[in-house]
Structure formats: C-alpha cells, structure tokens
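In case you want the letters, here they are:
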Amino acid sequence: MAELSSPAAVLEIGTAAPWERKWPSPWVRGPLWDGFWMLSALWLAPIVLLLVHGYSDPESSPLDLLYFGLTALFWIGHRLSSTYLAYCTEAYRPLLREQPIRFVMLPIVVTAGCFALFLPADSALPWTREERLIGLAIIDYACVTYHFAAQHFGALSLYRSRAERGSCIQTRRWDRFFALTAGGVLVFVADILAGAVAYQDQWVDRWLFPAWIVSAENGIRGAATLALFAITAIMLVAELRTPRWSLPRVLYIIGLAVMVGLALRPRSLFLFLVIWTSQHWILATGLASQTPSAESAPTTGIVRRYLHRLNVRPWAVVLFLMLLSLVFLPIFEVEANRETGTYYGDRIFGSLAVQLRTSTWLPALLALGFATGFIHYLLDRSVYRMSDPQVRAAASGLIGNVARRSRRKNVSSLALVLVLTFVSVCSLHAQTGSPAAGQQPPKAIYTPRPVYRPEWAKQGLAGKGIVLVTIDQQTGKVTGARMLQSTGNKQLDGTALEAYSQWRFQPGTGSQVKIPIEFASRPKPMAPKPTAPQPAILYPLLILIGFGVAVIAMRTRRRGAR
C-alpha cells in the first residue's frame, strides 16, 4: 500500500458562479468513511475504555461481548480479503497471468508446506506435532507483528499520496520508521512485559533473562512510553511544518500512538488486544471493499459475472466478507493458540466448535489455519504493492478520484472526527490516571502452564485443586507455593507447584493469590462467561442485518434524491 497516485489540482470556472479552486481531497473516500474504516482507533479507544470502566478484570466486562462481535464479523473476513481480491476479481486477473510465481506458486508452496508439517504423525518427523505447532506459532507471531506494522505504513503512504507528497522520500522514510518502531518494536516490548508473546517461555525468556526484565519492568515501560511520545511528537511536528500537511495523516498518527500507549499500560493488555486487532481487521476490510469497485465487466463466465456485480458494490463486498468470517470462525479458531479465555466459536456453534478442536481433523485444521495466515501475509503485500503499475491499475477503485464535497460539509465532518480524537486522547489520560474501582488482584506477567504429560492422559489422571502462591512485593517473584486443595494425585500436584513457582507478578500488586487448577484427560473448553439466555449467534447476526438495512436505506435515499 505504498506510493499511491492522486489527481493534480485543477481550476474550474463555473458559468453561474465565480470560479472556485478545487484541491485534491486528502481523504481516501471522505471524512465519514475514513473516520470509520481508516481511523477506527479514534472511536474504538473511547468505546473500549467506557465498557471496562469500573471492572477490575476487563475480560469480565461488556468489552468481551464487543470483541466477540468484532471477531465474529471481521477476523476471518479480513484474513481472506487479499485472497478474494487476487482470485475473485476481474481487476487482478491480469496479475495472475503476468505474475504466476507471486500469486500462484508461492501460495501453493506455503499450503503444501503447512500440511506436510502437520499431517505426519509424531514419529514420522524429528519433531512432534506439538513442537511443530510451537515453531510455526513463533514464526507466525513474528510475521503478524511485522504485518501489522506494514499496514500502518501502507495507510500513512496512502494519505501521503492523497496529499500529493507520494514522491517525498524523506516523509516516506519517517513513515516507515514510525510504523516499524511504534507499531512494531514498542508493541513487541509491551508483549514481552505482559508475557503475551506466543510461547514466550520457549524462546524470548531464554534469551532476555526474564528475572532482569521483571525487576526493571517499570523503567522499561517508562522508557518505551517516553520513546513513543518523542517519535509521535517528531512525526506531528514534521507533518504540520509541510506546506500541504494532511489532517488524516495527523489523525492516523495520533490513533496509532493511542493504541501503543494502551499496550504499554501494565493493566491494559486485553484493552490493547481489542483495539489493536479490531483496527487492523476493520481497516483491511474497508480497503478490500473499495479496491475492485472500478473493475471492468467480464465478457464470459456466469460466476465471474456474479462476482463482478458483487465487486462493484463495496457494501456487498463487506457483507460477503462478514458472512465468511461468521461461518468459518470455528474452523479457523482451532489455530488461535489460545491458552486462556473463551473460544468465541463455542458461543455461536456450541458443541460443533468443541468437537472440531478434539476431532481427528485437528492436524488438517491447524495446517489450514496456518496456511491461510501465511498466504494472507504474502498476498496482502502483493495486492497492495503500488510500486507496480499493474497493481495500481488493478486497485483503481481504491486510488481513483473521490467525490468532492462542499467546504461546509467537510468542516462538519472534520469536526466530528476531531471530537473523536480529543475523546480518545482524554480517555487514555483518564485510564492512566485512575485505577479501576476496588482492590486489584495481583497482576501476573509471566505465566508458564503446568505440564500435563501424554502418559497421564492414557492413564486417565484428572483432578481439580487450588494453589496458594506467596509473592515478594518488591520483585514480583513467587517465594512460596502450596496446595490449598489437592488434585488427589501427587504427580498432578507436583507439576502444578513447579509451574506456579516460576510465575512472575507485577511488583506491588499483592502478596498472595489463590489459583484454581484443573487437569483433564481430554482438553475442555473454558467455562463460558454469564450471558443472556438467547442464543449468542443473535449478536453478530443482528449487527450484520443492521449493517445491511442501513446500507439499503442509504442507497434508497440517494436514489430518491436523484
């Protein structure tokens, strides 16, 4: 999504009114469209902070329901969006013929490699399936961290080109530095401090000495926050000093800084996860819906003609991607690498989703999940590689001219976006200055899980217990662990005590904590949080239907205005 062209400024002389100079719009599609799809961090942040206000555990707040809806409607749809653009649009069909290695061969190789790793039994390769899963999950984490940062660079590049500064090398370098540093390096630091890196104990903790990190955590957070403030200020000053500074670029820079600022908060990991992933999904879906809208009609093929009717209607593409996301949620959630929390697919599909995670199809589903993820990273760079003239021609629906609006309408829309920006920043400040109500439990920042050996599953060993952990207030280290309630088996008690003795907590957050533990011979889903008695599928479906009704109403209103 780099180096997008924008039309040059023109002079128009009207016959019934004095001439008026029209400058190219700095927005992709207008303040309202951009405010929802491109600048979603500005309205996500205040909503998220409002939903968790007064809750000591954000995952027990109404925010969990919001994230459930966003995940069901956007997660898988965004992952398949670049694949849809590459193979289901007339716009990108010439690229499939001209660049078969990039668009055909590499995805086939990636898919074959993932299935070749997961389908063989444990004894068929030097690594067990669990070891292969851990290895691919670590690679996927590295790729997805860079992928998120690259998307931020692409969005800044899109706005830079709209401001007719696409050829400015210096600004391009600053954009890349800001996206990779704030959206990549600082986020990785925040994940390490929170113990949220994929299988962190398998690689990060072996190299970075977790005891040193825990003791210096406050200093690291402070230095990272200072670095974020400094590079954000530099970006804003550099932008505002240019003759044609771009308001959308300023808003996007602020939105990215707000998200990373939440990531560096010690108690806000789930808040950051909701905003960070949702902003990425919404932005990818919005761009995908606009990209093929200017494609030419196909001359042959019934399926191609039906797809073309879909592609030229951005709202229809959004609904289609939402439907795909909803239907495929339990299949791809198998590969979610979730160690704690609830599988959202269970809330919609019930026992079917649970059976998928425990069936003999699990290796194939894991291979499919990882393959689609890696293909998404590859194709996303290919379909938005605007340095290629063929890609620019294919993406003409995204980078073409936008409808001009009157100055008064633009001012009112800008005022709305600016208000959202102000609320976002103020909400972040309020979150930083005021803790949640009530006494907070000790905050765990390093949480290795107890080991449950395969032979124990064959023996049917199972049990529930409670571990009492004593914590050093100054260092956050565990000074003692004992079983308040035994699991009924010495081996299970021993592995639980061994794991919890290695835990690390936020210094000064508590001296003792009771941790329930359950061992089962077969994996069990986490107990769902209390919900309303109606089926959970109603929530995403109502959102989907409401979106469709709103789009139809808007289209009917436009036709009536004509």
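Preceding this section is the structure that the text describes.
Residues numbered from 1 in each chain as written. Predicted model: local features only at pLDDT ≥ 70, side-chain atom pairs only at ≥ 80, totals over all residues. Heavy atoms only, no water.

Concerning the overall build of the chain
So, point 1. Tallying secondary structure elements over the chain gives 23 helices and seven strands in all.
So, point 2. Split into buried and exposed, the 562 residues of the chain put 47% on the buried side.
So, point 3. Contacts spanning at least 24 positions in sequence make up 76% of the contacts within the chain whose residues lie at least 6 apart.
So, point 4. If you sum the accessible surface of the chain, you get close to 27,600 Å²; carbon and sulfur atoms cover 64% of it. (Helix = DSSP H or I, 4+ residues; strand = E, 2+ residues; numbered from the N terminus. Buried < 20%, exposed > 50% of the residue type's maximum accessible area, 1.4 Å probe, protein only. Contact = heavy atoms within 4.5 Å. Areas by Shrake-Rupley, 256 points an atom, 1.4 Å probe, with all protein chains shown as cover.)

Thoughts on the sheet that holds strand S4 (residues 463–471)
So, point 1. With antiparallel pairing, the three strands of this open sheet are ordered in space as S5-S4-S7. Both outer strands of the open sheet, strand S5 (478–485) and strand S7 (512–519), are each paired with one neighbouring strand and no more. This sheet shows a mean twist of 25 degrees between the axes of neighbouring strands, independent of strand direction. (Pairing = 2+ DSSP bridges. Axes fitted to C-alpha atoms, helices over the stretch in contact; angles between N-to-C directions.)

Structural notes on the side chain of Arg-79
So, point 1. Along the chain, Arg-79 falls in helix H3 (residues 63–87).
So, point 2. In this structure the side chain of Arg-79 is engaged in a polar contact, spanning 3.0 Å, whose partner is the backbone oxygen of Gly-369. (Polar contact = N/O pair within 3.5 Å; in protein donor to acceptor, adjacent residues only side chain to side chain.)

Looking at the packing of helix H7 (residues 169–194) against helix H11 (residues 247–263)
The axes of two packed helices give the description: the angle between them and the distance between them.
So, point 1. Orientation of H7 relative to H11, taken along the N-to-C sense of each, is 15 degrees, at an axis distance of 9 Å. Regarding the angle of H7 to H11, the classification is roughly parallel. Crossing hand, H7 versus H11: left-handed. Within the contact between the two elements, H7 uses Thr-171, Asp-175, Phe-178, Ala-182, Gly-183, Leu-186, Val-187 and Ala-190 and H11 uses Arg-249, Ile-253, Leu-256, Val-260 and Ala-263.
So, point 2. When its residues are assigned to classes, the contact of H7 with H11 shows nine nonpolar, two polar and two charged. (Parallel < 35°, antiparallel > 145°, perpendicular 65-115°, else oblique. Left-handed = near helix turned anticlockwise from the far one by under 90°. Nonpolar A, V, L, I, M, F, W, Y, C, P; charged D, E, K, R; others polar.)

Digging into unusual backbone geometry
So, point 1. In this model, Glu-164 sits at a positive phi of 60 degrees, which is unusual for a non-glycine residue.
So, point 2. Structurally, Glu-164 is set in the loop between helix H6 (129–162) and H7.

Structural notes on the packing of helix H2 (residues 41–51) against H11
So, point 1. One can describe the packing of H2 onto H11 by two numbers: an axis separation of 9 Å at closest approach and a directional angle of 35 degrees. On the side of H2, the interface is formed by Ala-41, Leu-42, Ala-45 and Leu-49, while H11 contributes Leu-251, Gly-255, Val-258, Met-259 and Leu-262.
So, point 2. Across the contact of H2 with H11, the residue classes break down as eight nonpolar, one polar and no charged.

Topic: the pattern of salt bridges
Where charged atoms from two side chains of opposite charge approach closely, those side chains can pair.
So, point 1. Counting across every chain of the model gives nine salt bridges.
So, point 2. Ionic pairing is found between Glu-90 and Arg-93, a salt bridge with its closest N-O pair at 3.7 Å.
So, point 3. The partner of Arg-304 in a salt bridge is Glu-90, with the nearest N and O atoms 2.7 Å apart. Here Arg-304, found in helix H13 (residues 302–311), pairs with Glu-90, found in the loop between H3 and helix H4 (93–98); they are 214 residues apart in sequence, far enough to count as distant.
So, point 4. For Arg-304, a relative accessible area of 25% corresponds to the partly exposed category.
So, point 5. Via salt bridges that share partners, Arg-160, Arg-165, Asp-175, Glu-239 and Arg-249 belong to a single interconnected network. (Salt bridge = Lys/Arg side-chain N within 4 Å of Asp/Glu carboxyl O.)

With respect to the packing of aromatic side chains
Each aromatic ring pair is specified by the distance between its two centres and by the angle formed by the two planes.
So, point 1. Enumeration according to the criterion identifies 18 aromatic pairs in this entry.
So, point 2. The interplanar angle of 50 degrees and the centroid separation of 5.7 Å between the aromatic rings of Tyr-84 and Phe-320 together place this pair among those described as tilted. In this pair, Tyr-84 is assigned in helix H3 and Phe-320 in helix H14 (residues 314–332), connecting sequence segments 236 residues apart.
So, point 3. Each ring, one from Phe-148 and one from Trp-276, has its centre 6.0 Å from the other, and the planes form 20 degrees; the classification is stacked. (Phe/Tyr/Trp six-rings, centres within 6.5 Å; stacked < 30°, edge-to-face > 60°.)

Quick word on H7
So, point 1. For H7, with 26 residues, the first-to-last C-alpha span of 36 Å sits near the 38 Å given by 1.5 Å per residue.
So, point 2. At Thr-181, H7 is bent by approximately 30 degrees, the largest bend along its length.
So, point 3. In the segment just after H7, Gly-195 is the residue with positive phi, at about 70 degrees. (Expected span 1.5 Å × (residues − 1). Bend = angle between axes of the 7 residues up to and from the residue.)

Considerations on a nonpolar patch on the surface
So, point 1. Together, Ile-101, Val-104, Met-105, Leu-106, Ile-108 and Leu-378 give the surface a local cluster of nonpolar side chains, amounting to about 500 Å² of exposed area.
So, point 2. For the nonpolar patch, the element with the highest residue contribution is helix H5 (residues 100–118), accounting for five residues.
So, point 3. The residue Leu-106 is located in helix H5 in this model.
So, point 4. Leu-106 gets classed as partly exposed once you look at its relative accessible area, which sits at 38%. (Patch = residues over 30% accessible without salt bridge, like charges linked within 9 Å, V, L, I, M, F, W, Y side chains within 5 Å.)

Details of the side chain of Asp-493
So, point 1. Position of Asp-493 relative to the elements: it lies in helix H22 (residues 490–500).
So, point 2. For the buried Asp-493, which has no salt bridge, the nearest side chain bearing the opposite charge is Lys-490, at an N-O separation of 8.8 Å.
So, point 3. A distance of 2.7 Å separates polar atoms of two side chains, one belonging to Asp-493 and the other to Thr-487.
So, point 4. Not counting the four nearest positions on each side in its chain, Asp-493 is found in contact with Met-483, Ser-486, Thr-487 and Gly-488. (Lys, Arg positive; Asp, Glu negative; His and termini not counted.)

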